[in-house]
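# Chains, contacts and geometry: an overview
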Amino acid sequence: MTDERRRIPGVDRVLATPEVAQLLDRYPRDLVVESLRQVLDEARGSLAQGDRAGADAAGGAPGAPGDAAAAEALLPEALARRVQALVEARSAPTLRTVINATGVILHTNLGRSPLSQDAVRAMVETGRSYSNLEFDLDEGVRGSRYDHCRGLLRELTGAEDALVVNNAAGALILALDTAAAGQGVVVSRGELIEIGGGFRIPEIVERAGTTLVEVGTTNRTRLDDYRAALDVKPGAVLKVHRSNFRVSGFTEEVPVGVLSRFCAEHALPLVYDLGSGLMLDLRVDGLPNEPTVASAVASGADLVLFSGDKLLGGPQAGLIVGGAEWIQKLRKNPLCRALRVDKVTLAGLEATIRTYRDPEAARSRIPVLRMIHESSDSVRERAERLSEALAPVAQAAGGRVELVAGHSVVGGGTLPDGEIATWRVAIDPGSLSVDALQRRLRFGPTSVVARTEDNRVLIDLRTVDPSEEEDLVRALRDCWPQGD
Ligand SMILES: *Cc1c(COP(=O)(O)O)cnc(C)c1O
């Protein structure tokens, strides 16, 4: 047994191999040495186990079953290759890019909206240098980070003022705390929703230091229900856009415009959680009407809240637009400091919002809008090309590739019934199982996430940028063993 272990080279010998010497040029020495020790420990461990198994099987004849492959695995070069793999795995970032072939445009698990080139450029430039984040270049005095994006948001939404914080959940807590701390917040029972990721309206209302005052029923809430709640002297009324599901049938709700007049009459602030920051009408068949930010502002709500990374198509942020007095109060709330947004985010957000000055440019330059508006014919053409490129490899493995009509969805808790006609490439992987194909797609050098349906892997190119197609084809083809 000890003889066997002596066959394992020492740390110094493996360190001296050209492979490991190269690693030392590129990676921290401690990481390389630590990985090398681990590889040698593992080799010793597996030898000890092999010895035991061998001893049992061969009645104690040491070395007898130790075949050539096992011996080869202990050569310094082989060990060095394992060290290299380990060092590379340990150095890879945990947050990596993936190709989203699911057809879900705002996929929260995959990072919601990819950013426009303009946004990325602005983020890179602002990230690598100093900026006038809180410095007034005109006067040479201290400025405010909250001034960035402010003018653009006022211009494009028609609101008196605007404020950007970390995300919409934070924006809601800030708004409720500012408008109604220690008081009641009136919400329709039809709007006590969960958005996902632990965001439930009743819990957020409690956490904001306010008390939930439920009115109406799940399917019907009338103005009289809100009026009856005045008895408890609430501090604010909250309207929540049911962004991720729809109620239909025997339903009734109070339109925001009516609710805002009611609130104004009773000097109550109306907070409108809009969810998705749609800035333009979506011109796509099959998508339900979603209120735009400008229409929400025009309806008279005091504060309108929405996300930066949903339909707006920018980085993660919570945007608040509304009356100047209320926005000023939010800005002065100490909670605002805790929710403060980063300079890189502000840079990306400003570039994204600026694009909306030209609606056509926004539809073509902002990735989520471009994906929503791509025609099904165009997706089909791309799908045909992909299908042709894959068919031979899949067929060689006894599989099959075909185009099937289907629907992409907007996702991200927006437009619940919103389906966009699309064409998908359906892959029956033949000798490779669907699970194995999915695993290889996720673990390859380019990670691909796709859906499985009816024992086939479905690729929807609507959510794949044309610039990613080449990598996607390669990733898919590499999943099958390339024999002859
Ligand atoms: C998505 C959503 C939120 C949460 O937004 P984040 O930016 O993810 O914090 C809040 N309210 C509604 C109605 C939403 O749809």
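Just so it is clear, the structure is predicted and the values come from calculations on it, not from any experiment.

What follows covers the packing of helix α3 (residues 18-26) against helix α6 (residues 76-91). Running from amino to carboxyl end, α3 crosses α6 at an angle of 25°, the nearest separation of the two axes being 9 Å. Considering their axes alone, α3 and α6 lie roughly parallel with respect to each other. Of the two possible hands of crossing, α3 and α6 adopt the one that is left-handed. Residues Glu 19, Val 20, Leu 23 and Arg 26 of α3 touch α6, and the partners they reach there are Glu 77, Ala 80, Val 83, Gln 84, Val 87 and Glu 88. Considered class by class, the residues forming the contact of α3 with α6 number five nonpolar, one polar and four charged.

Lining the immediate surroundings of the ligand are Arg 112, Asn 167, Ala 168, Ala 169, Ile 195, Phe 199, His 241, Ser 243, Asp 273, Gly 275, Ser 307 and Lys 310. Interatomic distance of 2.9 Å between a side-chain N/O atom of Arg 112 and an oxygen atom of the ligand. Within the backbone of Ala 169, one N or O atom sits 2.8 Å away from an oxygen atom of the ligand. In the complex, 94% of the free accessible area of the ligand, which totals 390 Å², lies under the protein chains.

Here the focus is unusual backbone geometry. The backbone of Cys 149 shows a phi angle near 75°, a positive value even though the residue is not glycine. Among the structural elements, Cys 149 can be located in the loop between β4 (141-142) and α8 (150-157). The backbone of Lys 233 sits at a positive phi, close to 50°, despite the residue not being glycine. Relative to the elements of secondary structure, Lys 233 occurs in the loop between α11 (223-228) and β10 (236-240). Under the relative-accessibility criterion, Lys 233 is labelled exposed at 66%.

Attention now goes to the pattern of salt bridges. In this structure the tally under the stated criterion is 33 salt bridges. In this structure, the salt-bridge partner of Glu 194 is Arg 200, at a minimum N-O distance of 2.4 Å. Here the salt bridges share partners, and the residues they tie into one network are Asp 147, Arg 150, Asp 161 and Arg 331.

Following the criterion strictly, the structure yields zero disulfides and no others. Cys 336 provides the cysteine sulfur closest to Cys 149, a residue in no disulfide bond, and the two sulfurs are 14 Å apart.

In terms of domain boundaries, the protein chain breaks down into domain 1 (4-91), domain 2 (98-106 + 371-477) and domain 3 (117-365). Each partner contributes residues to the interface: domain 2 has 13 residues there, and domain 3 has 17 residues. Roughly 1,300 Å² of surface becomes buried between domain 2 and domain 3 when both sides are summed, with 71% attributable to carbon and sulfur atoms. Considering only the side of domain 2, the residues that lose the most area to domain 3 are His 373, Leu 415 and Pro 416, jointly responsible for 42% of the buried surface there. The tally of links between domain 2 and domain 3 comes to zero salt bridges. Remark: the boundary between domain 2 and domain 3 carries zero residue pairs in polar contact (both at pLDDT 80 or more). Within the residue set of the side of domain 2 that touches domain 3, elements represented by two or more residues are α18 (367-373) and β15 (414-428). With seven residues, β15 is the largest single contributor of residues to the side of domain 2 that touches domain 3.

A general trend in soluble globular proteins is that nonpolar side chains are found buried together. Ranked by internal contacts, the top residues of the largest apolar core, which has 55 residues, are Val 164, Val 304, Leu 319, Val 321 and Ile 372. Residues from two domains meet in this core; each of domain 2 (98-106 + 371-477) and domain 3 (117-365) gives at least three. Excluding anything up to four places from it in sequence, Val 304 contacts Tyr 272, Leu 274, Ala 296, Val 297, Leu 319, Ile 320 and Val 321. Ala 175, Val 185, Leu 212 and Ile 320 belong to the second-largest nonpolar core, a separate cluster that totals 31 residues.

By the element assignment, Ile 105 lies in strand β2 (residues 104-106). Beyond its immediate sequence surroundings of up to four residues, Ile 105 is in contact with Asn 100, Arg 112, Val 368, Met 371, Ile 372, Val 409, Val 410, Ile 420, Arg 462 and Thr 463.

Calculation notes
Residues numbered from 1 in each chain as written. Predicted model: local features only at pLDDT ≥ 70, side-chain atom pairs only at ≥ 80, totals over all residues. Heavy atoms only, no water. Axes fitted to C-alpha atoms, helices over the stretch in contact; angles between N-to-C directions. Helix = DSSP H or I, 4+ residues; strand = E, 2+ residues; numbered from the N terminus. Parallel < 35°, antiparallel > 145°, perpendicular 65-115°, else oblique. Left-handed = near helix turned anticlockwise from the far one by under 90°. Contact = heavy atoms within 4.5 Å. Nonpolar A, V, L, I, M, F, W, Y, C, P; charged D, E, K, R; others polar. Near = heavy atom within 4 Å. Polar contact = N/O pair within 3.5 Å; in protein donor to acceptor, adjacent residues only side chain to side chain. Areas by Shrake-Rupley, 256 points an atom, 1.4 Å probe, with all protein chains shown as cover. Buried < 20%, exposed > 50% of the residue type's maximum accessible area, 1.4 Å probe, protein only. Salt bridge = Lys/Arg side-chain N within 4 Å of Asp/Glu carboxyl O. Disulfide = S-S within 2.5 Å. Domains from an automatic or database assignment. Buried area = accessible area lost by both parts, 1.4 Å probe. Core = buried A, V, L, I, M, F, W, Y, C linked by side-chain atoms within 4.5 Å.

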